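Structural characterization, general
Spelled out from the first residue to the last, the chains are:
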Amino acid sequence: MSTILEKLNALVRNEGFTNFGFAEVTTPFSIDLYDRWLSDGLNGEMDYLERHAEDKRNPQKFYKRARTAIVVTQSYLPHPAPKEGWPLKDVAGVALYARGRDYHRFFHTRLRALCAKLATEFPGEEFTSFTDAGPVLERDLAARAGLGWIGKNTCLLDRSKGSLFLLGEVYSSLTLPLELPDLSRDFCGTCTRCLDACPTGALIEPRKLDARKCISYLTIEMKDAAPPDLRSKIGSWLFGCDICQTVCPWNIKVHGDQLSAQYQSSEESLVEDLRYLLTAPNRQLERDFEATPLARINGIGLKRNALVVAGNRRLAVLAPEINRHVDHPRIGDLARWALSQF
Ligand code: B12
Ligand code: SF4
Ligand code: SF4
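Residues numbered from 1 in each chain as written. Chains lettered and ligands numbered in written order. Predicted model: local features only at pLDDT ≥ 70, side-chain atom pairs only at ≥ 80, totals over all residues.

Here's the deal with the overall build of the protein chain
- Broken down by element type, the protein chain carries 18 helices and eight strands.
- The globule rule puts the C-alpha radius of gyration for 342 residues at 20 Å, and the 21 Å found for the protein chain is close to it.
- Counting only C-alpha atoms, the protein chain reaches 70 × 40 × 40 Å along its principal axes.
- Expressed as a percentage of contacts within the protein chain between residues at least 6 apart in sequence, the contacts between residues at least 24 apart total 73%. (Helix = DSSP H or I, 4+ residues; strand = E, 2+ residues; numbered from the N terminus. Rg over C-alpha atoms; globule rule 2.2 N^0.38 Å. Contact = placed C-beta atoms within 7 Å.)

Structure follows, in structure tokens:
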């Protein structure tokens, strides 16, 4: 048995991920919390999370031979897969993870390469990889793999690595003698910086997030425009939000001055970017942002988010570009709202 673990350790270490660990593929520790979160409707329009609930509770139902998960993390500061010809001049309003190529591609490609190596090393065993999109409660799995604790901002957090990393995993048919780490570990202590800093009050209590209020949800997941009472709280965020992580003392400790430097912005560049987003044909935007996370919301989603930022920042200089959209069936109301902010 220990030889399998030694071989695995050596093989995964060689792949250069930020960190890795192993966990039994079993019912997640926090599955009841998950079910309660869903029944409270905190998932908003993300229906797929309800469809995933049964497979998350019983992973073997969904993948019969899964026994051990190899859980890996990938830091995104600095971004590990920058995109050449990034279309925006001012990136302050784009979440760090999204400032480059889409991790569903580059990270998953690395996970698939890991699966291929494992299959060669362990013939007869099965390996399959996921990141983000699978029916896997990834933070719970990573905590059980000893990769950190769940911070009050709900992110998986590690004392030496912070939380600015992605999670991915390989489900394998290998059986290993694993010890569960101490899941009561919590290095948040009395700190509440993330809860205090969240502009929309989405962190309704420690480790409980109302996704319907989270800027990440409002700018990425939601199909329509954010409700008017939340719109102003989105501030300058064009795609995603990093606030509850960048105020975290553990991330500040790990990344130092480099962290705040990521959010330096110039109004001149922002205006230029918003003008481009508001005037470029949607197809061009989709081509320009191809293979990045921003492609997910399409050209029209980028225009929608640009209108919110222009309104919040009261950029009256953009009135002509906003005016073009006032009769649009999807974003016309929002364009009129933006103009009403000047
Ligand atoms: C839906 C989703 C969202 C939603 C809801 C987020 C949320 N907090 O619930 C929205 C769109 C808002 C979102 C935002 C973001 N997301 Co997201 N998201 C997901 C997704 C697909 C599912 C998460 C989920 O099921 N949420 C429901 C809640 C109830 O579950 P949970 O957050 O996993 O929390 C569980 C644990 O915290 C656990 N728990 C609580 N206490 C304890 C104690 C112990 C001991 C244990 C073991 C567990 C535990 O209970 C919860 C229920 O099981 C995962 C990928 C995945 N398949 O897991 C990525 C994921 C969580 N997201 C990720 C990222 C990077 C982000 C953003 C940073 C992106 C951005 N910059 O805009 C923000 C962060 C916002 C935040 N504070 O969470 C990463 C997180 C990496 C990390 N270090 O934690 C993930 C893992 C994707 C990935 N593969 O890397 N996300
Ligand atoms: S990502 Fe932003 S909006 Fe969402 S919980 Fe964190 S601080 Fe609040
Ligand atoms: S900001 Fe404070 S409370 Fe929030 S996750 Fe970081 S250490 Fe924990």
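Further notes follow.
Some points on the site of ligand 2
- The environment of ligand 2 is formed by Asn153, Cys198, Thr200, Ala202, Leu203, Leu209, Cys214, Ile215, Ser216, Cys241, Ile243 and Cys244.
- If you list the elements that add at least two residues to the shell around ligand 2, you get α9 (215-221) and α11 (243-246).
- The residue makeup of the shell around ligand 2, split by class, is nine nonpolar, three polar and no charged. (Near = placed C-beta within 6 Å. Nonpolar A, V, L, I, M, F, W, Y, C, P; charged D, E, K, R; others polar.)

Description of helix α18 (residues 332-340)
- Every buried residue of α18 is listed here: Leu334, Ala335 and Ala338. On an axial view of α18, the arc spanned by its buried residues comes to 100°, and they lie on one face. Opposite the buried face of α18, by more than 90 degrees, sit the exposed residues Gly332 and Ser340.
- Turning to α18, the residues buried within the fold contact α16 (298-312) and α17 (319-323). (Buried ≥ 20, exposed ≤ 12 C-beta atoms within 10 Å, placed from the backbone. Arc of directions from axis to C-beta.)

Looking at unusual backbone geometry
- With an omega dihedral of 0°, the bond running from Leu77 to Pro78 counts as a cis peptide bond.
- As for its placement among the helices and strands, Pro78 is situated in the loop between β2 (68-75) and α6 (103-121).
- Within the chain, Ala291 stands out as a residue other than glycine whose phi angle is a positive 70°.
- Its place among the elements puts Ala291 in the loop between α15 (282-288) and α16.
- Overall, Ala291 belongs to the partly exposed group, with 14 C-beta atoms counted inside 10 Å.
- A positive phi angle, close to 50°, is found at Arg314, a residue other than glycine.
- Considering the arrangement of structural elements, one finds Arg314 in the loop between α16 and α17.

Regarding the site of ligand 1
- Near ligand 1 you find 40 residues, and of these Ser30, Ala95, Glu138, Ser216 and Gly240 are the closest.
- Elements with a minimum of two residues in the shell around ligand 1: α2 (31-39), α7 (138-144), β6 (165-172) and α9.
- Looking at the shell around ligand 1 element by element, the count peaks at five residues for α7.
- In terms of residue class, the shell around ligand 1 is built from 25 nonpolar, seven polar and eight charged.

A look at the environment of Ala95
- Here Ala95 shows up in the loop between β2 and α6.
- Along the backbone, Ala95 and Phe239 are 144 residues apart, and their C-alpha atoms lie at a distance of 6.1 Å.
- With near-sequence residues (within four places) excluded, Ala95 lies in contact with Ser216, Phe239, Gly240, Cys241 and Asp242.

Some remarks on the pairing of β6
- For β6, the tally of buried residues reaches seven of eight residues, placing the bulk of the element in the interior.
- Pairing of β2 with β6, which is carried by eight bridges, proceeds in the antiparallel orientation. Its bridge partner lying in β6, Ile70 is registered against Val170. (Pairing = 2+ DSSP bridges.)

Let's talk about the domain arrangement of the protein chain
- What the domain assignment reports for the protein chain is domain 1 (2-172) and domain 2 (266-342).
- Taking only C-alpha atoms, the centre of domain 1 and the centre of domain 2 are 33 Å apart.
- Taken together, the eleven residues of domain 1 in the interface contact twelve residues of domain 2.
- Its residues placed into classes, the side of domain 1 that touches domain 2 shows three nonpolar, two polar and six charged. (Domains from an automatic or database assignment.)

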